[in-house]
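Structural overview for review
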Amino acid sequence: HTFRVEWQPGRGGRLDWFTKSHKELDENGNIFHIEGDGKGQDWEHSLHIPDFALEEAMGSKIPEEPSYVIINTAISSTWAFPYDVPDWCPKCYDCDDPKCACAFNPGFCNMMKTGKVALKI
């Protein structure tokens, strides 16, 4: 997927999330959008969060300070967290420590080390 965030900070601000998609027609001639197949050229508006929604829910506002966005894409059920760690396994998360291997989904550490996962910002 390709994502875009438009961020208007402060009181009266907003967060708008977009994803790249492309349009297709179904058998009835209705337009629908397909996201995540790599063919997208159109920005599809996916989510709108107005400042007043944060104010009402949490008494906060969209930050005006420089910030980071952390995205959990949750693209796989075979390596995402949380993972049910067996009771006998130490709660450690170091792929270089063999005693921590039981704390990860099988193949997780190998996949991360082989570079088959990429994050582009």
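The structure contained in this document is the topic of the report that follows. (Residues numbered from 1 in each chain as written. Predicted model: local features only at pLDDT ≥ 70, side-chain atom pairs only at ≥ 80, totals over all residues. Heavy atoms only, no water.)

**Description of the pattern of salt bridges**
Which entries qualify depends on this criterion: One side-chain nitrogen of Lys or Arg within 4 Å of one carboxyl oxygen of Asp or Glu is enough to make a salt bridge. To qualify as a helix, a DSSP run of H or I must reach at least 4 residues; to qualify as a strand, a run of E must reach at least 2; elements of each kind are numbered from the N terminus. To sort residues, take the accessible area from a 1.4 Å probe on protein chains only and compare it with the maximum for the residue type: under 20% means buried, over 50% means exposed, and anything in between is partly exposed.
In total, this model carries six salt bridges according to the counting rule given. The partner of Glu 55 in a salt bridge is Arg 11, with the nearest N and O atoms 2.4 Å apart. Of the two residues, Glu 55 sits in helix α1 (residues 51-58) while Arg 11 sits in the loop between β1 (3-8) and β2 (14-25), which places them 44 residues apart along the sequence. A salt bridge links Glu 64 to Lys 61, with the nearest nitrogen and oxygen atoms 2.9 Å apart. A residue is classified by how much of its surface remains accessible, and Lys 61, at 33% relative accessible area, is partly exposed. Look at the salt bridges and you will find they share partners, linking Arg 4, Glu 6, Arg 14 and Asp 16 into a network.

**Concerning the side chain of Asp 51**
Heads up, the rule is: All tallies of charge rest on Lys and Arg as positive and Asp and Glu as negative; His and the ends of each chain are not included. Throughout this description, a polar contact denotes any pair of N or O atoms lying within 3.5 Å of each other; where both atoms belong to protein, one of them has to be capable of donating a hydrogen while the other can accept it, and for residues adjacent in sequence the pair is counted only when both atoms sit in side chains. Whether two residues touch is decided by their heavy atoms; if any such pair falls within 4.5 Å, the residues are in contact.
Mapped onto the fold, Asp 51 is located in helix α1. Despite being buried, Asp 51 has no salt bridge partner; Arg 11 is the closest side chain of opposite charge, sitting 4.2 Å away. A polar contact is formed between the side chain of Asp 51 and the backbone nitrogen of Ile 62, at a distance of 3.1 Å. Non-local contacts of Asp 51, meaning those with residues more than four positions away in its chain, are made with Gly 10, Arg 11, Gly 12, Gly 13, Arg 14, Ser 60, Lys 61 and Ile 62.

**Some words on the packing of aromatic side chains**
This is how the line gets drawn: Classification of ring pairs rests on two measures: the distance between centres of Phe, Tyr or Trp rings, Trp counted by its six-membered ring, which must be within 6.5 Å, and the angle between planes, read as stacked under 30 degrees, edge-to-face over 60 and tilted in between. For a lysine, the NZ atom is tested; for an arginine, the CZ atom; a charge sits over a ring if that atom is within 6 Å of the ring centre and within 35 degrees of the ring normal.
Taken as a whole and assessed by the stated rule, the structure comprises zero aromatic pairs. Note that Arg 4 overlies the ring of Phe 18, its terminal NZ or CZ placed 3.9 Å from the centroid.

**Side note on the pairing of β1**
Rule in force here: Pairing between strands is defined by DSSP: at least two bridges between the two strands are required.
Two elements, β1 and β2, share six bridges in a ladder whose sense is antiparallel. From the neighbouring strand, Glu 6 faces β2, where its bridge partner is Asp 16. Where β1 hands over to β2, the hairpin turn is made up of five residues, of which Gly 10 adopts a positive phi near 80°.

**A closer look at the side chain of Asp 16**
By the element assignment, Asp 16 lies in strand β2. For Asp 16, the side chain forms a polar contact with the side chain of His 45, separated by 2.8 Å. Among the polar contacts made by the side chain of Asp 16, one reaches the side chain of His 48 at a distance of 2.6 Å.

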